[in-house]
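Notes for the structure review
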Amino acid sequence: MQADNNRKTHWIIPDGFIPPQSTGEQTSHESICVLNTNDSDAQLHVNIYFEDRDPIEEIETVVRSKRTSHIRTSSLEKDRKTIPAGVPYAIEVQSDVPIIVQYSRLDSTQPALALMSTMAFPL
């Protein structure tokens, strides 16, 4: 079997922005989509970086073995600090085991909503 070079332990997502408004039934949101194909759980540490304020660092979360998890960025919290809507930010994801990370944004600020998804940048 060929080595899986797509699984890494360190990922960067430079373009984060939780849309501040929603229309219709869909709520605007963003998700860090993680696939863990390992036999062990993935212990994740997430850092959030901003243009004009201190980062939110070492947010911990777990993605169970042989599972996927869609982590809404609006649910990330550390010491009562959360990511505000309408503020640009970047994400750093570190894992103790190799994983695959994708990033998705649903923007429903207009009736013709937009869904954007991209692979995170592995380091």
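So, here is what we can say about the structure in this document. Everything numeric here is computed off the predicted structure, so don't read it as measured data.

What counts, and at which threshold
Each chain has its residues counted from 1, running along the sequence as written. Whole-chain, interface and lining totals are the exception, using all residues; otherwise, since this is a predicted model, local features are given only for residues with pLDDT of at least 70 and side-chain atom pairs are given and counted only at 80 or more. For side-chain calculations, the full set of non-hydrogen atoms in the structure is used, while hydrogens and water are omitted. Candidates for patches are residues over 30% relative accessible area with no salt bridge; among them, like charges are joined within 9 Å and nonpolar side chains (Val, Leu, Ile, Met, Phe, Trp, Tyr) within 5 Å. What sets the accessible areas is the Shrake-Rupley method with a 1.4 Å probe; for residues, cover comes only from the shown protein chains. Whenever Lys or Arg places a side-chain nitrogen within 4 Å of a carboxyl oxygen from Asp or Glu, that contact is recorded as a salt bridge. Charged residues are defined here as Lys and Arg on the positive side and Asp and Glu on the negative side; His and the ends of the chain fall outside this count. Charged side chains are reduced to one point each, which is NZ for Lys, CZ for Arg, CG for Asp and CD for Glu. Working definition: helices are DSSP H or I runs of at least four residues, strands are E runs of at least two. Numbering for both runs from the N terminus. Only protein chains enter the accessibility calculation, which uses a 1.4 Å probe; a residue whose area is less than 20% of its type maximum is buried, one above 50% is exposed, and one in between is partly exposed. Think of a polar contact as two N or O atoms within 3.5 Å of one another; within protein, one of them needs to be a possible hydrogen donor and the other a possible acceptor, and neighboring residues in sequence only count if both atoms come from side chains. Whether two residues touch is decided by their heavy atoms; if any such pair falls within 4.5 Å, the residues are in contact. At least two bridges found by DSSP between two strands is the condition for calling them paired.

Taken together, the side chains of D54, E57, E58 and E60 present a region of like negative charge at the surface. The residue E58 is located in strand β4 (residues 56-63) in this model. Owing to a relative accessible area of 34%, E58 belongs among the partly exposed residues under this scheme.

Okay, the pattern of salt bridges next. A side chain with one charge may pair with a side chain of the opposite charge, provided their charged atoms come close. Applying the stated criterion to the full structure yields four salt bridges. Close ionic contact of R105 with D15 constitutes a salt bridge, the shortest N to O distance being 3.6 Å. Taken together, the residues R105 in strand β8 (residues 89-107) and D15 in strand β1 (residues 8-16) connect sequence positions 90 residues apart. Residue R105 is classed as buried on the basis of its relative accessible area of 15%. Classification of D15 by relative accessible area gives partly exposed; the value is 45%. With a closest N to O distance of 3.1 Å, R53 and D52 form a salt bridge. For R53, a relative accessible area of 39% puts it in the partly exposed group. Exposure remark for D52: the relative accessible area of 57% places this residue in the exposed category. Through salt bridges with shared partners, a single ionic network connects D15, E30 and R105.

Let's shift gears to the side chain of S95. Relative to the assigned elements, S95 resides in strand β8. One polar contact links the side chain of S95 to the main-chain carbonyl oxygen of V97, over a distance of 2.7 Å. Dropping the residues within four chain positions of it, S95 is found in contact with T9, A42, Q43 and L44.

Let's shift gears to the environment of I48. Tracing the chain through its elements places I48 in strand β3 (residues 42-50). Considering only alpha carbons, one finds I48 and A90, 42 residues apart in sequence, at a separation of 5.7 Å. Excluding anything up to four places from it in sequence, I48 contacts P55, I56, I59, L76, I83, Y89, A90 and I91.

On to the pairing of β1. Two elements, β1 and β8, share six bridges in a ladder whose sense is antiparallel. Opposite G16, over in β8, you have Y89 as the bridge partner.

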